[in-house]
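# Report on the structure
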Amino acid sequence: MAFNRDSIIALILIMASGGLMLASFEIREPDYGVLSPAAWPRLIIVILGILSVLYFIQSLRMAKVKNLDTPSHSLVSFFSYWRNVFSVFIIFAVYLILLPYLGMLIGNLVFSFVLLSVLGGWRSFLMHGLIAIGTSGGMWLLFTYALEVFLPRGSLTGL
Amino acid sequence: MDIFIPAFLNIVDPSTLIFMTVGVGAGLMAGSIPGFTIAMAIVLTLPFTFSMPPAQGLATMISVLVGGLSGGLMSGILTGIPGTPSSVATTFDGFPMARNGEPGLALGIGVWSSFCGGIISAVLLVLFAPQLAAVGLEFQPWDFFMLVMFALTVTASLAGSHLIKGLIAGAAGLLIRTVGEDDAVGVGRFDFGSDYLLTGFDFIAVLIGLFAFSQLLSDLRNPASARKALSDQKQIFVKIEHRRAIMILIKNWVVVIRSALIGMFTGILPGAGGSIANILAYDQTKKAVKDDSKFGKGDPRGIIAPEASNNAVEGGALTPLMALGIPGDISAAVMLGALLMHDIVPGPTFISDEPVLASSIYIAFFLANFIMIGMQSGMLRIFVLVTRIKTYVLATGILTFATIGVFALHNSVEDIWTLFFFGILGFFMRQYGFPLAPMILGVVLGDIAELNLARALAIDPDPMLFIARPWSLFFTIIALFSIIFPIYQKQRGSGSLLEKLYSPLMLLGLSIPLFMMGGMFRTTLATAALVIGAYVIWRRFNGRRLKQRY
């Protein structure tokens, strides 16, 4: 019996099932309709809860296996292992927050340039700039004129 | 003719042909780049098709699919790295043949096998989809509900040793679909006072996030490999040897047909796609030949089998989609999304209610295979160019495209947030071994399941009907056996009781609903299942006694 990564995920799932079950009692019960709007989600939550418990039991019975590809416990190696993934998360989140201010054209251009430079290194910034202009500008033209999609303009840039 | 001509005109419209050609090209590229899957290409095509008429949109998606299924062989044969999981087995003999100095022949065999597999499955789709739809007309809400449950369990069971994770993913997919206003009575669920949650997650944004975004994150995870190009090959001077390849295919027509049938059947099963079909067909071909010593060293049959089968998969996957509204794999699930986006709900009446659209799908499927043959040679040069692009540049471009594409669905920035959240979720699911296919099916089929549950209970509140009706019992039995399947697979060769009883008990079990259905054909089928099941049990237990006696 070993408490491992799967056990933690299983516990999170069990807690999430419990939380969602509680939240399902907040669903308003109308006087009409045959099936209560809460019935189907509750049925799924019960199944999810049972499966999570089974997963937890299964995880305890599994031998603890060290995945050679995963980082060791030091914080530096952890961040260096996940560096690119966290970079994409952060850059994408910032892009989404700034999108109403920058607009889709400028926002995408900045997003592409920063992401390319963070992932590929700042030395090739000129090349990354050209790629960002080419891809973002090309897609903007394609969607705006060929597909006639109204892409959002930024409140700061007006573009 | 009243149906065929307008359908034909839909597809041969110049703009549709252009979109199909671009689609096949994009599919060939996506399929040929390791790490960028066909499903991802299809998912990313979806926003483009929003502004198109349904027939044109579906024709474009089918073209991407056909191109993608054939694209994997280019990379597999020329570099030894399969472009998609559907062409893993192609590399077993394709790469050795290319290294033996015959890359043109290897590509030719692969291309023409893909073409034959695609055409055979297109013919079978045209023949079988209406028949299956006729059977589907017998289905009542109880049966549809159990059919969805069966689709989810069988998809989860394909996760093998991760069955529980697969089932959890499926249940989570169903749950994700419940967020927002309930379709039947308009009551908000799990909105926690947020307008964003009250509108629910757009399921296409969810699909793109779960599949495409998470895949890109996985491709970028390793900083060293993210900065590398997929190949440093400068030029490829290969001339595809069409004539010799066709002659070899004619000589091995049995392999072509058998593999296409394997692909078609695998495609019909929910969740089982080209990645299983190509290995299965390769294995069956190897077992069927008298001399398998050349396999793995460049045997043409080792290219024919996987390529004919993986292209036949889609005809199989489209069959339950068109006939029952249940997708056979992720690509078909995305196509279901495309249909729903145009307010077309596929089901048993789809082919009769929308005959022109259904025929357009058939014609597009045929035509896309011809376009694929025409384009494959030309795409070789572009393939070399694309593989020289560094992974992070390609991934950034695709991510930017996905973002605009998701926004274009409803002109909503919230959908991009959905893409982001589900991209993160999908990435961690991949990292922790949770299969994505059951979750995607859960998201796509969630509404259908709830709708049929509500309808069933409105007709009769007796829950026993979910297992007492012939078809629902039929699906319940297969669903149960699909859950046990991974355990059975683990115990194969151990001589355990489960191993001995699994298949005969399934046959005996299935004979019950078949008897309940009545009719000459099904009663005969039920009797055969009963007799075979009983015989296998008798044989397996008496066989041991006989062995002990002598």
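Residues numbered from 1 in each chain as written. Chains lettered and ligands numbered in written order. Predicted model: local features only at pLDDT ≥ 70, side-chain atom pairs only at ≥ 80, totals over all residues.

## Looking at the overall build of chain A
- Each helix and strand in chain A was counted, giving 4 helices and 0 strands.
- The N-to-C order of helical and strand elements in chain A reads α-α-α-α.
- Compactness check: chain A gives a C-alpha radius of gyration of 24 Å against a globular reference of 15 Å for 159 residues, more than 25% above the reference.
- C-alpha atoms of chain A, sized along the principal axes, occupy 55 × 55 × 25 Å.
- Long-range contacts, defined here as pairs at least 24 residues apart, represent 65% of the contacts in chain A between residues at least 6 apart. (Helix = DSSP H or I, 4+ residues; strand = E, 2+ residues; numbered from the N terminus. Rg over C-alpha atoms; globule rule 2.2 N^0.38 Å. Contact = placed C-beta atoms within 7 Å.)

## Notes on the overall build of chain B
- Looking only at helices and strands, one finds 25 helices and 2 strands in chain B.
- In terms of overall dimensions, chain B is globule-like: its C-alpha atoms have a radius of gyration of 24 Å, near the 24 Å expected for 550 residues.
- The principal-axis extents of the C-alpha atoms in chain B amount to approximately 75 × 65 × 55 Å.
- Taken over 550 residues, chain B has a buried fraction of 60%.
- The contacts in chain B between residues at least 6 apart in sequence include a share of 77% that link residues at least 24 apart. (Buried ≥ 20, exposed ≤ 12 C-beta atoms within 10 Å, placed from the backbone.)

## Brief notes about the interface of chain A and chain B
- Listed as interface residues are 49 residues of chain A and, on the opposing side, 45 residues of chain B.
- Only helix H1 (5-24), helix H2 (39-61), helix H3 (75-120) and helix H4 (125-146) of chain A provide two or more residues apiece to the side of chain A that touches chain B.
- Looking at the side of chain A that touches chain B residue by residue, the class counts come to 37 nonpolar, 9 polar and 3 charged. (Nonpolar A, V, L, I, M, F, W, Y, C, P; charged D, E, K, R; others polar.)

## Description of unusual backbone geometry
Residues and elements named next belong to chain B.
- Look at Phe190: it is not a glycine, yet its phi comes out positive at around 50 degrees.
- In this fold, Phe190 is placed in the loop between strand E2 (188-189) and helix H9 (195-198).
- Although it is not a glycine, Asn411 sits at a positive phi angle of roughly 50 degrees.
- Within the secondary structure layout, Asn411 lies in the loop between helix H19 (391-410) and helix H20 (413-431).
- Residue classification places Asn411 among the exposed positions, given that 11 C-beta atoms sit within 10 Å.

## Describing the domain arrangement of chain A
- Splitting chain A by domain gives domain 1 (5-61) and domain 2 (76-146).
- A C-alpha centroid distance of 38 Å is found between domain 1 of chain A and domain 2 of chain A. (Domains from an automatic or database assignment.)

## Here we look at the domain arrangement of chain B
All names here are of chain B.
- Split into domains, chain B comes out as domain 1 (4-457) and domain 2 (460-549).
- The straight-line distance from the C-alpha centre of domain 1 to that of domain 2 is 32 Å.
- Listing elements by their share of the side of domain 1 that touches domain 2, those giving two or more residues are helix H7 (141-157) and helix H21 (436-459).

## Structural notes on the environment of B:Gly76
Residues and elements named next belong to chain B.
- In this structure, Gly76 sits in helix H4 (residues 54-79).
- Judged by C-beta crowding, with 32 C-beta atoms within 10 Å, Gly76 ranks as buried.
- Separated by 221 residues in sequence, Gly76 and Lys297 place their C-alpha atoms 14 Å apart.
- Excluding residues that lie within four positions of it along the chain, Gly76 makes contacts with Ile81, Pro82, Gly83, Ser87, Thr90, Thr91, Gly94 and Phe95.

## Considerations on the nonpolar core
Residue and element names in this part refer to chain B.
- In this structure, Val43, Ile168, Leu207, Ile208, Ala364 and Ile440 are the most contacted members of the largest nonpolar core, which totals 224 residues.
- Here this core takes 15 residues from helix H18 (residues 355-387), the largest share from any one element.
- Residue contacts for Ile208: discarding those within four places in its chain leaves Val43, Leu44, Phe213, Ala402, Val406 and Leu419. (Core = buried A, V, L, I, M, F, W, Y, C linked by C-beta atoms within 7 Å.)

## Brief notes about the confidence of the model for chain A
- When pLDDT is averaged along chain A, the result is 88, and 92% of the positions lie at 70 or above.
- Mean pLDDT across the secondary structure elements of chain A bottoms out at H4(A), with 91, and peaks at H1(A), with 95. (pLDDT = per-residue confidence, 0-100.)

## Side note on helix H23 (residues 470-491) of chain B
Residues and elements named next belong to chain B.
- Between the first and last C-alpha of H23 there are 31 Å, a value that for 22 residues agrees with the 32 Å anticipated at 1.5 Å per step.
- Along its length, H23 reaches its greatest deviation from straightness, about 40 degrees, at Phe485, and the proline Pro486 lies no more than four positions downstream.
- Residues of H23 that are buried include every one of Trp471, Ser472, Leu473, Phe474, Phe475, Thr476, Ile477, Ile478, Ala479, Phe481 and Ser482, and no others.
- On its buried face, H23 sits against H7, helix H22 (465-468) and helix H24 (497-517).
- One or two positions beyond H23, positive phi appears at Gly493, with a value near 90 degrees. (Expected span 1.5 Å × (residues − 1). Bend = angle between axes of the 7 residues up to and from the residue.)

## As for the packing of helix H16 (residues 330-341) of chain B against H21(B)
Residue and element names in this part refer to chain B.
- Between H16 and H21, the least distance of the axes is 10 Å, while the angle of their chain directions is 20 degrees. The orientation of H16 relative to H21 falls into the category roughly parallel. The interaxial crossing formed by H16 with H21 has left-handed handedness. For the pair formed by H16 and H21, the contact residues are Ile330, Ala333, Leu336 and Gly337 on the first element and Ala437, Ile440, Leu441 and Val444 on the second. (Axes fitted to C-alpha atoms, helices over the stretch in contact; angles between N-to-C directions. Parallel < 35°, antiparallel > 145°, perpendicular 65-115°, else oblique. Left-handed = near helix turned anticlockwise from the far one by under 90°.)

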